[in-house]
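Observations on the three-dimensional arrangement
One-letter residues, chain by chain:
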Amino acid sequence: METNSQQRLLACRHCDLLQHEVALQPHHDAHCVRCGARLYRGTRSRLDWMIALVLASAILFLVSNLFPIAALEKYGVYNATTLTGTVLTLYHQNRPLVAALVLGTAILAPALELCALLYMLLPLRACRIVPGLAHTFRFVLATHRWVMIEVFLLGLLVTLAKLSDLATILPGLALWAFVGLIATFSAVAASFSARDFWGWVETIRAEDRR
Ligand SMILES: [Zn+2]
């Protein structure tokens, strides 16, 4: 794919030192000679693998939002709640700040990040570069900091554990989807590398120029 990888220059993200890229063994890292920060990995993530992870996350995200997280059963009365239901309940309990926090970190931020990733990656698969790619890329990096599904899930489990004294808790489909989503989202974060991403873009641009 890349014929000029031996001559490529890249700047350290921490100290800006320009260094030549060298070929690495898989699972080895290249570090900056001046500050020791990691420059890149020998293992390259593949575009197809990234798209698969993002699509899996998107499906799990939809399931976790559409289906009940848990149902409470007391005296034969069932009370199921969804993620949006939880936000609304918090809001009606006069806790608008907590409601906004859950809405932002567990619904909006992951939704925006997944949409932005799909917007960039899917056309890339078809060798197309979307308009506003650099902005979308920076947007993904910015929203990622606000994705806190695991914090939300932890809070939810603590709440459910407390409620289990009062009622029977029946875990819903969305709860399992959430657990899966945390796994796939972590995998997306771990495999998404800026260097690989711009490498895919460069390859397509180079093919277009031909
Ligand atoms: Zn450095």
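Small disclaimer: the values here were computed from a predicted structure and weren't measured. (Residues numbered from 1 in each chain as written. Predicted model: local features only at pLDDT ≥ 70, side-chain atom pairs only at ≥ 80, totals over all residues. Heavy atoms only, no water.)

Quick look at the packing of helix α2 (residues 83-92) against helix α3 (residues 96-125) now. Between α2 and α3, whose axes approach to 7 Å, the crossing angle comes to 160 degrees. The angle between α2 and α3 places the two elements in the roughly antiparallel class. Between α2 and α3 lies a crossing of left-handed hand. Judged by residue contacts, L83, V87, L90 and Y91 of α2 engage P96, V98, A99, V102, L103, A106 and I107 from α3. Grouping the constituent residues of the contact of α2 with α3 by class yields 11 nonpolar, no polar and no charged. (Axes fitted to C-alpha atoms, helices over the stretch in contact; angles between N-to-C directions. Helix = DSSP H or I, 4+ residues; strand = E, 2+ residues; numbered from the N terminus. Parallel < 35°, antiparallel > 145°, perpendicular 65-115°, else oblique. Left-handed = near helix turned anticlockwise from the far one by under 90°. Contact = heavy atoms within 4.5 Å. Nonpolar A, V, L, I, M, F, W, Y, C, P; charged D, E, K, R; others polar.)

Turning our eyes to something else, we now look at the coordination of the zinc ion. At the metal site, the zinc ion is ligated by C12 (SG), C15 (SG), C32 (SG) and C35 (SG), and these contacts range over 2.2 to 2.4 Å. Around the zinc ion, the 4 donor atoms are arranged such that angles at the metal cover 102 to 118 degrees; this shape is classified as tetrahedral. Between consecutive donors of the zinc ion, the numbers of intervening residues give the motif C-x2-C-x16-C-x2-C. Here C15 is found in the loop between β1 (9-11) and β2 (18-20), whereas its partner C35 is found in the loop between β3 (29-31) and β4 (38-41), with 20 residues between them in sequence. (Donors = N, O, S within 2.8 Å, 3.2 Å for Na, K, Ca; no water. Tetrahedral: all angles 85-135°; square planar, octahedral: opposite > 155°, others 65-115°.)

Taken domain by domain, the protein chain holds domain 1 (1-43) and domain 2 (46-209). Between the C-alpha centres of domain 1 and domain 2 there is a distance of 31 Å. (Domains from an automatic or database assignment.)

Moving on, we get to helix α4 (residues 133-144). Taking 1.5 Å as the rise per residue, α4 with 12 residues should run 16 Å; its terminal C-alpha atoms sit 16 Å apart, in good agreement. The complete set of buried residues in α4 reads L133, T136, F137, V140 and T143. End-on view of α4: buried residues confined to an arc of 135 degrees, all on one side of the axis. In this structure, α4 carries H135 and R138 as exposed residues pointing more than 90 degrees from its buried face. (Expected span 1.5 Å × (residues − 1). Buried < 20%, exposed > 50% of the residue type's maximum accessible area, 1.4 Å probe, protein only. Arc of directions from axis to C-beta.)

A complete count under the given rule lists 6 aromatic pairs for this structure. Between F197 and W198, the aromatic rings sit 4.9 Å apart at their centres with planes inclined by 80 degrees, giving edge-to-face as the arrangement. A residue is classified by how much of its surface remains accessible, and F197, at 0% relative accessible area, is buried. Feature note: the residues F137, F192, F197, W198 and W200 constitute an aromatic cluster, connected by ring pairs. (Phe/Tyr/Trp six-rings, centres within 6.5 Å; stacked < 30°, edge-to-face > 60°.)

When the UniProt feature table is mapped onto this chain, "transmembrane region" (unreviewed entry) is found at residues 47-69, 98-122, 142-161 and 173-192. In residues 98-122, helix accounts for 100% and strand for 0%; the two terminal C-alpha atoms are 34 Å from one another. Split by type, residues 173-192 is 95% helix and 0% strand. Its first and last C-alpha atoms lie 28 Å apart. (UniProt positions renumbered as here; feature names shortened; annotations may be inferred.)

In this section: the sheet that holds strand β5 (residues 70-74). Reading across from one edge, β6-β5-β7 is the order of the 3 strands in this open sheet, with antiparallel pairing throughout. The sheet is open, and its two edges are formed by β6 (77-81) and β7 (168-171), each paired on a single side. Direction aside, the axes of adjacent strands within the sheet are offset by 25 degrees on average. Where β5 and β6 come together, 5 bridges link them in antiparallel fashion. Its bridge partner lying in β6, E73 is registered against Y78. (Pairing = 2+ DSSP bridges.)

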